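Below, each chain spelled out in residue letters.
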Amino acid sequence: MADFISGFWNMYVMVIVALSLLFCVFVLVSNMTKREAGPVQLHGHVWDETLAEYNNPLPRWWMYLFWITIGFAVVYLAIYPGFGKTNQERGEHAQYEAEMKAANEKYGPIFAKYRGMDLAAVAADPEAKAMGQRMFLTYCAQCHGSAAQGAKGFPNLTDDEWQWGGEAETIKTTITGGRIAMMPPFGPSLGAEGVKDVANYVRSLSGLAHDSLRAQRGAELFQQNCVACHGADAKGNTAMGAPNLTNKIWLYGSSEATIIETITNGRNNRMPQFGEFLGEDKVHLLAAYVVGLSKK
Ligand code: HEC
Ligand code: HEC
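The text that follows walks through the structure, step by step, so that each part is easy to find. (Residues numbered from 1 in each chain as written. Chains lettered and ligands numbered in written order. Predicted model: local features only at pLDDT ≥ 70, side-chain atom pairs only at ≥ 80, totals over all residues. Heavy atoms only, no water.)

Regarding the overall build of the protein
The number of helices and strands found in the protein is 13 helices and four strands. For 296 residues, the compact-globule estimate of 2.2 N^0.38 gives 19 Å, and the protein exceeds it by more than 25% at 36 Å. A sequence separation of at least 24 residues applies to 61% of the contacts in the protein between residues at least 6 apart. Of the roughly 19,000 Å² of accessible surface on the protein, 61% is carried by carbon and sulfur atoms. Side chains of the protein carry 25 positive and 28 negative charges; the gap between the two charge centres is 4 Å. (Helix = DSSP H or I, 4+ residues; strand = E, 2+ residues; numbered from the N terminus. Rg over C-alpha atoms; globule rule 2.2 N^0.38 Å. Contact = heavy atoms within 4.5 Å. Areas by Shrake-Rupley, 256 points an atom, 1.4 Å probe, with all protein chains shown as cover. Lys, Arg positive; Asp, Glu negative; His and termini not counted. Charge placed at Lys NZ, Arg CZ, Asp CG, Glu CD.)

Quick look at the structure:
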């Protein structure tokens, strides 16, 4: 009942609805005239010289339809419920609160237990793993896949390559605060030929087929443009989220066309932040779950 009384806008709507219904009733009642005995009266208006209008009462069936409509509105409002919550609903609300309380009582101590343990220890705990997996399927699988193996643009979390770092605490930081990758577009500054050269150099780094002349020119371009993030040895830099370009693990793909697309347009994928949404306890369990995935 409390939210019913305190809700000004509830009242506002209810008063308007009730007044409108009363007004409809008033209009109907004030028009319920009986047909008077004697000759039928005319309204007084005349059109087209001879066309006049009888001043008869509204037809009964038509009036009844209106009454039925008003009755329907009242019943509908009561059941909908337009006048506040029904007892049943208040019961459901209370039931929900009770269930939440019970869940907190049940899981609170479990969360507290894991919160006190370090991530490696939590990762080794089978019960924590099951809880982590359930949460992963709910909150993370749509991007990283239900087996956490990722997809184009979404990193695989089961391998040993980490854009942002694979330390347990770093993984937790990633999940808590999210990450935004900033691979700038080089199409404008390098031009199509320059991009193709550097793409061939990138392919040469991991032993993929390449044009060696282009790769040679590309190596120079790479030193001028790319090492700040990917490192002089192209092994990546977790401070920037820049991936290692020398191995067989690709976030977007290793074909020449895909690498050219990456370099030309840049990439800006982002990992959403979950710290506020899930809270420390759940992030702790999720981080432990991810840590467990890659340490097989
Ligand atoms: C909306 C899609 C999306 C969701 C949902 C999502 N992620 Fe991510 N995640 C990404 C993307 C994209 C990246 C890579 C960010 C980048 O490009 O730097 C990423 C990166 C990561 C990384 C860092 C990987 C590395 O190599 O450093 C971890 C760890 C991670 N996610 C865990 C999670 C967990 C745990 C969840 C669920 C709580 C989750 N993600 C939910 C999109 C998502
Ligand atoms: C400002 C930092 C920065 C610079 C400079 C930079 N990169 Fe990147 N690069 C990144 C980041 C961050 C990513 C990851 C993008 C993502 O996760 O969406 C990336 C991704 C890539 C990828 C995709 C790798 C994969 O696994 O699919 C390639 C290829 C690449 N960079 C090549 C280059 C080349 C070549 C240059 C120089 C012309 C360059 N980058 C310059 C930060 C940078």
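Topic: the pairing of strand β2 (residues 51-54)
When strand β1 (residues 42-47) meets β2, the two strands line up antiparallel, connected through three bridges. Bridging from a neighbouring strand, V46 pairs with A52 of β2. The loop that links β1 with its antiparallel partner β2 comprises three residues; one of these, D48, has a positive phi angle of about 45 degrees. (Pairing = 2+ DSSP bridges.)

Considering the site of ligand 2
Surrounding ligand 2, one finds 24 residues, the nearest of these being M183, C226, C229, H230 and Y252. At 2.8 Å, a side-chain N or O of Q163 approaches an oxygen atom of ligand 2. Contacts to ligand 2 include Y252, whose side-chain N or O atom sits 2.4 Å from an oxygen atom. Among the residues forming the shell around ligand 2, the class breakdown is 16 nonpolar, seven polar and one charged. (Near = heavy atom within 4 Å. Polar contact = N/O pair within 3.5 Å; in protein donor to acceptor, adjacent residues only side chain to side chain. Nonpolar A, V, L, I, M, F, W, Y, C, P; charged D, E, K, R; others polar.)

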